[in-house]
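Topology and contacts: notes
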Amino acid sequence: MPILAQGAPVNVKVYALSTCIHCKNAKKFLDEHNVPYEAVHLDQAQGDERKQLVEEVKKYNPACSFPTIVLNGGDRVVVGFRKSELEEALGL
Amino acid sequence: MTAEKLYETLKKIQEPKGNYFNKDLENMTMPLLEGLLENKKTYGYMVCPCRIASGEYEQDRDIICPCAYREPDMKEYGACFCGLYVTEEWNAAPEEEHEYVPERRPPEKLAF
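The model shown is predicted, which means the values in this text are computed figures rather than measured ones. (Residues numbered from 1 in each chain as written. Chains lettered and ligands numbered in written order. Predicted model: local features only at pLDDT ≥ 70, side-chain atom pairs only at ≥ 80, totals over all residues. Heavy atoms only, no water.)

1. Digging into the overall build of chain B
Helix and strand content of chain B: 5 helices and 2 strands. For chain B, the N- to C-terminal ordering of α and β elements is α-β-α-α-α-β-α. Since a compact globule built from 112 residues should have a radius of gyration of about 13 Å, the 14 Å found for chain B is in line with a globular shape. Judged by the C-alpha coordinates and their principal axes, chain B covers about 40 × 30 × 25 Å. Expressed as a percentage of the 112 residues in chain B, the buried residues total 50%. When contacts within chain B are restricted to residue pairs at least 6 apart in sequence, those whose partners lie at least 24 apart make up 49%. Between the mean site of the 14 positive side-chain charges and the mean site of the 22 negative ones, chain B shows a separation of 8 Å. (Helix = DSSP H or I, 4+ residues; strand = E, 2+ residues; numbered from the N terminus. Rg over C-alpha atoms; globule rule 2.2 N^0.38 Å. Buried < 20%, exposed > 50% of the residue type's maximum accessible area, 1.4 Å probe, protein only. Contact = heavy atoms within 4.5 Å. Lys, Arg positive; Asp, Glu negative; His and termini not counted. Charge placed at Lys NZ, Arg CZ, Asp CG, Glu CD.)

2. Focus on a negative patch on the surface
Residues B:Glu4, B:Glu8, B:Glu34 and B:Glu38 make up a contiguous surface patch of negative charge. Position of B:Glu4 among the secondary structure elements: in helix α1 (residues 3-14). (Patch = residues over 30% accessible without salt bridge, like charges linked within 9 Å, V, L, I, M, F, W, Y side chains within 5 Å. Areas by Shrake-Rupley, 256 points an atom, 1.4 Å probe, with all protein chains shown as cover. Salt bridge = Lys/Arg side-chain N within 4 Å of Asp/Glu carboxyl O.)

3. Quick notes on the packing of aromatic side chains
Residue and element names in this part refer to chain B. Throughout the structure, instances matching the rule amount to 6 aromatic pairs over all chains. An angle of 20° between the planes, with centres 5.0 Å apart, marks the rings of Tyr 7 and Phe 21 as stacked. Of the two residues, Tyr 7 is situated in helix α1 and Phe 21 in strand β1 (residues 20-21); the sequence distance between them amounts to 14 residues. Judged on exposure class, the residue Tyr 7 and its partner Phe 21 are both buried. (Phe/Tyr/Trp six-rings, centres within 6.5 Å; stacked < 30°, edge-to-face > 60°.)

4. Points about the pattern of salt bridges
All names here are of chain B. In total, this model carries 10 salt bridges over all chains according to the counting rule given. Close ionic contact of Asp 62 with Arg 105 constitutes a salt bridge, the shortest N to O distance being 2.8 Å. One end of the pair, Asp 62, is in the loop between α3 (57-60) and α4 (70-77); the other, Arg 105, is in the segment after α5 (88-92), with 43 residues separating them in the sequence. The buried category is assigned to Asp 62, whose relative accessible area is 11%. Accessibility expressed as a relative area gives 7% for Arg 105, which makes it buried. Ionic contacts of the salt-bridge type, sharing partners, join the residues Asp 73, Glu 76 and Arg 104 into one network.

5. A short note on the state of the cysteines
Considering all chains together, one arrives at 0 disulfides over all chains under this definition. Counting only cysteine sulfurs, A:Cys20 is the nearest neighbor of B:Cys50, a cysteine outside any disulfide, at a range of 3.6 Å. According to the relative accessible area criterion, B:Cys50 is buried, its value standing at 0%. Between B:Cys82, a free cysteine, and B:Cys80, which holds the nearest cysteine sulfur, the sulfur-to-sulfur gap is 3.8 Å. For B:Cys82, a relative accessible area of 6% puts it in the buried group. (Disulfide = S-S within 2.5 Å.)

6. Let's talk about the side chain of A:Thr19
Mapped onto the fold, A:Thr19 is located in the loop between β1 (12-16) and α1 (21-32). Note on A:Thr19: relative accessible area 4%, which makes it buried. Side-chain polar atoms of A:Thr19 contact the backbone oxygen of B:Pro49, separated by 2.7 Å. In this view, A:Thr19 contacts A:Lys24, A:Asp43, B:Gly35, B:Glu38, B:Asn39 and B:Pro49; residues no more than four positions away in its chain are not counted. (Polar contact = N/O pair within 3.5 Å; in protein donor to acceptor, adjacent residues only side chain to side chain.)

Structure, rendered in structure tokens:
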């Protein structure tokens, strides 16, 4: 069942790179659908913080590819900018 | 170096070999080339804009553009992982026929 369709507020976290085009397009897609989200840009983090964030992404997506979109703390994880999967997951 | 200059330079080298730039210049190719130039400034080499770099040249070698995975990805999907390089057929096909290219780089290559 789509997360938004359940009527509960959805928490969306986008693990991204500032240079990544699929990340840019995913964020644009969420903006266009008025879905609030938190974007975390791993390439803008340094040293230990970056390592820590990579570990965090790996928990949801072992390949640590971008974007990794985490819904409601991991209820659903969408890897890459897959429009139809996102639409389905968010009930758009 | 500007993204436009990089585009012209690479186009001459890559297209005769069958590696075409994504025809969506505005939303794909030019921002990706900007990303490559930004990474050159940050890391000293043009590492893939869609992958996380370690900053160590040896560890990032397989993801320096054109990455080691471009050829198999273009063969299988008609496009590389980030979508900068595509085949002529991919450019000619309607968007809905484009399959999303999954990450081929083995997770153990991640230097973190």
